[in-house]
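# Reading the structure
Each chain is listed here by its residues.
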Amino acid sequence: MINITVQPTQLVIDQINLLSIKLTNSGDKPCTHVNFRLRLPPKIVLLEGTGTIENARIDPGQNIVLTVRVRPKQVGSWVIDSSSFSY
């Protein structure tokens, strides 16, 4: 099983923020062919980073961290999700 966490949980409007998405294998077997594509709401602009993980392997208890630079354009609560996630 893969658990996903996002840090930080709050971003500063009109400033460049580092956003880290951590995928952790909480199971007892490796997860192979992990594919993840980050989808941001229109009010959060992706400035740097691809926002994708392709064909990765995550061993038990290990994690992969995807870090991107973003700039929120408006105050609010937004959902960050994935347009494609498989393993």
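Refer to the structure printed above.
This write-up is about the structure you can find in this document. Here, residues in each chain are numbered from 1, in the same order as that chain's written sequence. At least 70 in pLDDT is required for a residue's local features to be given in this predicted model, at least 80 for side-chain atom pairs to be given and counted, and no such filter applies to totals for whole chains, interfaces and linings, which use all residues. Each side-chain value is derived from all of the structure's non-hydrogen atoms; neither hydrogens nor water enter the calculation.

## Points about the pairing of strand β2 (residues 17–25)
What counts, and what does not: Strand pairing is assigned whenever DSSP identifies at least 2 bridges connecting the two strands. In this text, helices come from DSSP runs of H or I with a minimum length of four residues, and strands from runs of E with a minimum of two, each type numbered from the N-terminal end.
With six bridges joining them, strand β1 (residues 2–7) and β2 adopt antiparallel strand pairing. Each residue of the ladder has a partner; that of Val 6, found in β2, is Ile 21. Examined bridge by bridge, β2 and strand β6 (residues 63–72) share eight bridges and lie antiparallel to one another. Bridge pairing links Ser 20 to Thr 67 in β6.

## Brief notes about the sheet that holds β2
Where we set the bar: Orientation is described by lines fitted to C-alpha atoms, with helices fitted over the stretch in contact, and by angles between N-to-C directions that extend from 0 to 180 degrees.
Taking strand neighbours across the sheet as the criterion, the four strands line up as β1-β2-β6-β4 in an open arrangement whose pairing is antiparallel. The sheet terminates laterally at β1 and β4 (44–48), the two strands that pair on one side only. On average, adjacent strands in this sheet sit at an angle of 35° to one another, irrespective of strand direction.

## Some remarks on the sheet that holds strand β5 (residues 52–58)
One open sheet holds the three strands; their spatial order is β5-β3-β7, and the pairing between them is antiparallel. Because the sheet does not close on itself, it has two edges, and the strands there are β5 and β7 (81–86). If you compare each strand with its neighbour and ignore which way they point, the axes differ by 20° on average. Bridge count between strand β3 (residues 31–39) and β7: five bridges; the pairing is antiparallel. Bridge pairing in β7 places Leu 38 opposite Ser 82.

## Things to note about the packing of aromatic side chains
Defined as follows: Aromatic rings from Phe, Tyr and Trp, taking only the six-membered ring of Trp, are treated as a pair when their centres fall within 6.5 Å; an angle between ring planes under 30 degrees marks them as stacked, one over 60 as edge-to-face, and anything in between as tilted. Remark: exposure states derive from per-residue accessible area (1.4 Å probe, protein chains only) relative to the maximum for the residue type, with buried under 20%, exposed over 50%, and partly exposed in between.
Under the defined criterion, the tally for this structure stands at two aromatic pairs. On the basis of an interplanar angle of 80° and a centroid distance of 5.9 Å, the ring pair of Phe 36 and Phe 85 is categorised as edge-to-face. Here Phe 36, found in strand β3, pairs with Phe 85, found in strand β7; they are 49 residues apart in sequence, far enough to count as distant. With relative accessibility at 5%, the residue Phe 36 sits in the buried group. Taken together, Phe 36, Phe 85 and Tyr 87 form an aromatic cluster joined through their ring pairs.

## Observations regarding the pattern of salt bridges
Rules: Any carboxyl oxygen of Asp or Glu that lies within 4 Å of a side-chain nitrogen of Lys or Arg is treated as forming a salt bridge with it.
Taken as a whole and judged by the stated rule, the model has three salt bridges. A salt bridge links Arg 39 to Asp 81; the shortest N-O distance between them is 2.9 Å. Here Asp 81 lies in strand β7 and Arg 39 lies in strand β3, a separation of 42 residues in the sequence.

## Side note on the nonpolar core
Our working rule: Residues enter a nonpolar core if they are buried and are Ala, Val, Leu, Ile, Met, Phe, Trp, Tyr or Cys, with the set joined through side-chain atoms within 4.5 Å. In what follows, residue pairs with any heavy atoms lying within 4.5 Å of each other are defined as contacts.
In terms of nonpolar packing, the biggest core is built from 16 residues, with Ile 21, Leu 23, Val 34 and Phe 36 touching the most fellow members. Mapped onto this core, the elements with two or more residues apiece are β2, β3, β5 and β6. In this view, Leu 23 contacts Ile 2, Asn 3, Ile 4, Val 34, Phe 36, Ile 53, Ile 58, Gln 62, Asn 63, Ile 64 and Phe 85; residues no more than four positions away in its chain are not counted.

Scope: geometric values only; no functional claims are made or implied.
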